[in-house]
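# Coordinate analysis (summary)
For reference, the chains in residue letters:
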Amino acid sequence: MTIAFILLCLVLTILTPRFLTIRNFRNLFWQATFLGIIAIGQTLVILTGGIDLSVGSNAAVAAMFGGIVMQQFGVIPGVVAMLLLGTLVGVIKGFLVAYARLAAFIVTLGFLSIGRSATYLLTDGRSLVGLPEAYRFFGNAEIGSVPLYLIVFIVLFGMAYFMLKQTKVGLYIYAIGSNEEAAHLSGVRVRFYTALTYAITGFLCAVSGLILTSRLGAVDPDTGINIELNAIAAVVIGGTSLAGGKGGLLGTLIGIAIITVLNNGLNLLGVSPFWQGAAVGVVIIFSVLLDSIIRQLKST
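### A word on helix H12 (residues 249–268)
- Taking 1.5 Å of rise per residue, the 20 residues of H12 would be expected to cover 28 Å, and the 28 Å separating its terminal C-alpha atoms lies within 8% of that figure.
- One or two steps after H12, the chain reaches Gly270, where phi turns positive at roughly 75°.

See below:
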């Protein structure tokens, strides 16, 4: 996939001179950060053999609720409320999947609708404006010319990578995805660690929503809409198997880069937004097909 990413960049460099510009690279980093933070959590969930279809609505409802609190009590209480609600939603999803033993697809599909409806109901479908000016700091501040949001992404990615590779939590996540029954018989608290991945994802959704809305200075009810598709695409393109137990965050990072550059390139080339979704869909199907072929070859 690294080669595919390089080839994609070379093609776009040839087709449009606007691709290799500082302004465009800043746009790429911004788009990659919003998607990437959510994709980190999606990777953890998929590694356990689950899936979260509600990450976009999770980010939206947390941001909207936090924005309302912010208007009444200030920036810090609003941000805390945002992160707490995002995490709480993740905890509830994790409980239903891990302890109530409901299918992850059904639970998260339900929360996709619930979260999106709640976001509209909180403001009667209107965008939330008039947020404190200090809130824009999170999405617009720079440290030594490096955007704060990019630093946040790097830190979160590093922490998640360390957890997966160097801690028992990561080992258990891979074990659950590889063989849940064997992990249980080995003494792994399967339900707890499965639920934990959804809780972490809920928190990361809130962080992503915070960064997006603070950069814009407003919360739109459509915040994060369709981000589920891109997050899953980034994870799958990066080589993480939808069956669980195989893959990792380095692959997801490549997937994030490919999805971001692909969408950016289509915009620069003036391709209709209606075709952009089709392009991402084709990439997902091709990636899953390739993963299936590779697994079949290895098993023979």
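### Description of unusual backbone geometry
- Phi angles above zero are rare outside glycine, and Asp124 is one such case at about 60°.
- With respect to the element layout, Asp124 can be found in the loop between helix H5 (104–123) and helix H6 (137–140).
- Overall, the relative accessible area of 61% leaves Asp124 in the exposed class.
- With phi around 70°, Asn226 is a residue other than glycine that occupies positive phi space.
- As for its placement among the helices and strands, Asn226 is situated in the loop between helix H10 (190–216) and helix H11 (227–237).

### Side note on the packing of aromatic side chains
- Applying the stated rule across the entire model yields 8 aromatic pairs.
- When the ring of Trp30 is compared with that of Tyr149, the centres are 5.2 Å apart and the planes differ by 70°; the resulting orientation is edge-to-face. One end of the pair, Trp30, is in helix H2 (residues 22–47); the other, Tyr149, is in helix H7 (residues 148–166), and 119 residues separate them in sequence.
- Each residue in the set Tyr135, Phe137 and Phe138 is aromatic and connected to the rest through ring pairs, giving one cluster.
- Positioned above the aromatic ring of Phe192, the side-chain terminus of Arg189 is 4.4 Å from the ring centre.
- It is Arg215 that lies over the ring of Trp30; its NZ or CZ is 4.8 Å from the centre.

What counts as what
- Residues numbered from 1 in each chain as written.
- Predicted model: local features only at pLDDT ≥ 70, side-chain atom pairs only at ≥ 80, totals over all residues.
- Heavy atoms only, no water.
- Helix = DSSP H or I, 4+ residues; strand = E, 2+ residues; numbered from the N terminus.
- Expected span 1.5 Å × (residues − 1).
- Buried < 20%, exposed > 50% of the residue type's maximum accessible area, 1.4 Å probe, protein only.
- Phe/Tyr/Trp six-rings, centres within 6.5 Å; stacked < 30°, edge-to-face > 60°.
- Lys NZ or Arg CZ within 6 Å of the ring centre and 35° of its normal.

Honestly, it's all geometry; don't read function into it.
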